[in-house]
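Notes for the structure review
Chain by chain, the residues run as shown.
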Amino acid sequence: MSKDRNKSTELFKRAQLSIPGGVNSPVRAFKSVGGTPVFMQTAKGAYMYDADGNEYIDYINSWGPMILGHAYGPVVKAIQDKVQYATSFGAPTELEIEMAELIKSMVPNIDLVRMVSSGTEACMSALRLARGYTGKNKFIKFEGCYHGHADAFLVKAGSGVATFNIQTIPGITAGVSMDTLTAPFNDVEAVEQLVAANKDEIAAIIIEPVAGNMGCIPPAPGYLEGLRAICDAEGIVLIFDEVMTGFRLAAGGAQELTGVYADLVTYGKVIGGGMPVGAFGGRREIMEQIAPLGNVYQAGTLSGNPIAMISGYTTLKTLKDNPAIYDRLRATTTTLRDGLDNVLRSAGVPYTINMAGSMISVHFSEKPVTNFTDAVSANNNLFSEYFHFMLNEGIYLPPSAYESWFISDAISAEDLEKTINATHKFFNK
Ligand code: KE4
């Protein structure tokens, strides 16, 4: 059933008169799947409602944050109560202490944590800190991983950079990118070679412990352990970018799920419960280099903002106090995976489904997708057709094959059944 989206079409035309590309973040523009982005108006639980009043089951959940579902009651109430008394002080508050203590109680290797307002800020600050702590300039990132849009990270990045296939980004100077070394995901030897070729020059290795910006790609067995061993042997700071995985894959994130612990960890998305929040934290001896304790400067007018904090705190506290949520998320994602697996197998279409906790992605690929090259070589045109078919069925998937799907605790068995049935319809039409 095709959906009338005239209002979205109208709004998109108007938006482009005042906003570059009509969107405030490129991946929202539907560039890789084609067509006109859908303008959303309201959302509740598992559903979003667009400007034309169409309902969608949401498998993006704001690219990860809405793990409890949209407009989750206790979060809404906490924000409503707080906003009457404060939006921002620019001064320290008790709530920021409570937020830091809550994070530390959920992630054992976080000694100190600094709040910021986005995942980009968290990752750029963690890299600066690692460089300041080690006195070294170079760092290793992985093809297809995305750590926000700070200059140094926009080399062979995933997410929108992959979606738009931007090879070299204007404005990123050679002086910046010369210190960015890249290796394929899931290849320890490639990292060993880079380390040997840049002996004693590497400050950090930053990685999404479960990649989510080239679709979802879990680490191969032993991979993260291999990176940990290299960092221990070489005095390199291991940074886990848990902006997507943090507090999503488990209360302790990917570190808890994999049992591998980094020196610094960055957060975003879930940590704000839908409000702008990021954070970076880790080993005391490293974190103590951050101003005002140390000289690695980092700052932010709205860091620790009371409204963002109460939204994030209420979200994290709900997750911590109800561990059954993670079991439900895993069960829901497994049911979705199994249902899609049955449909795609019987349709005889080449595919592979990657999953970790409540992150999942479907790749129309003849072979397993274990790195960026595999993700790029999948039949992503078919993904685009599938995306639009599902959209017209009232199912909102990420508008790019290079993004993970995110499952919320609000998605019901009926929603899953509708999603699986719609997939069956598409592959048997
Ligand atoms: P933000 O600055 O967008 O809050 O976070 C940057 C970031 C850092 N690290 C990881 C692992 C991330 O996934 C992100 C942001 N993710 C994208 C989706 N792939 C956000 C969506 C967007 O760019 O609009």
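Analysis parameters
Residues numbered from 1 in each chain as written. Predicted model: local features only at pLDDT ≥ 70, side-chain atom pairs only at ≥ 80, totals over all residues. Heavy atoms only, no water. Helix = DSSP H or I, 4+ residues; strand = E, 2+ residues; numbered from the N terminus. Expected span 1.5 Å × (residues − 1). Buried < 20%, exposed > 50% of the residue type's maximum accessible area, 1.4 Å probe, protein only. Contact = heavy atoms within 4.5 Å. Domains from an automatic or database assignment. Buried area = accessible area lost by both parts, 1.4 Å probe. Salt bridge = Lys/Arg side-chain N within 4 Å of Asp/Glu carboxyl O. Axes fitted to C-alpha atoms, helices over the stretch in contact; angles between N-to-C directions. Parallel < 35°, antiparallel > 145°, perpendicular 65-115°, else oblique. Left-handed = near helix turned anticlockwise from the far one by under 90°.

1. Some remarks on helix H8 (residues 223–234)
In a regular helix each residue adds 1.5 Å, so 12 residues correspond to 16 Å; H8 covers 17 Å between its end C-alpha atoms and thus fits that length. Within the sequence span of H8, burial applies to Tyr223, Leu224, Gly226, Leu227, Arg228, Ile230 and Cys231. Contact partners of the buried residues in H8: strand S5 (138–142), helix H7 (188–197), strand S7 (202–207), strand S8 (237–241) and helix H9 (253–258). Just downstream of H8 lies Gly235, where phi reads positive at about 65°.

2. Details of the domain arrangement of the chain
Many structure descriptions define interface size as the accessible area lost when the parts assemble. Each domain of the chain was delimited in the assignment, giving domain 1 (6–63 + 323–427) and domain 2 (73–321). Its C-alpha centre places domain 1 at a distance of 25 Å from the equivalent point of domain 2. Taken together, both faces of the contact between domain 1 and domain 2 bury some 2,500 Å²; the carbon and sulfur share is 64%. Area buried by domain 1 at its contact with domain 2 is led by Tyr326, Met359 and Phe372, which between them contribute 26% of it. In this structure, the connection of domain 1 to domain 2 is made through zero salt bridges.

3. Some remarks on the packing of helix H2 (residues 73–83) against helix H11 (residues 306–321)
Running from amino to carboxyl end, H2 crosses H11 at an angle of 155°, the nearest separation of the two axes being 9 Å. It follows that H2 is roughly antiparallel to H11 by the angle criterion. Note that H2 runs across H11; the crossing there is right-handed. When H2 is examined against H11, the residues Pro74, Val75, Ala78, Ile79, Lys82 and Val83 are found in contact with a partner set consisting of Pro306, Ile307, Ile310, Ser311, Thr314 and Thr315.

4. Description of the pattern of salt bridges
In the structure shown here, the tally under the stated rule is 16 salt bridges. The shortest N-O distance in the salt bridge between Arg330 and Asp327 comes to 3.7 Å. Of this pair, Arg330 and Asp327 both sit in helix H12 (residues 324–347), three residues apart, which is roughly one turn of that helix. With a relative accessible area of 32%, Arg330 lands in the partly exposed category. The exposure class of Asp327 is partly exposed, given its relative accessible area of 49%. Note that Lys367 is salt-bridged to Asp374, the shortest N-O span being 3.4 Å. Using a relative accessible area of 42% as the deciding quantity, one classes Lys367 as partly exposed. Using a relative accessible area of 8% as the deciding quantity, one classes Asp374 as buried.

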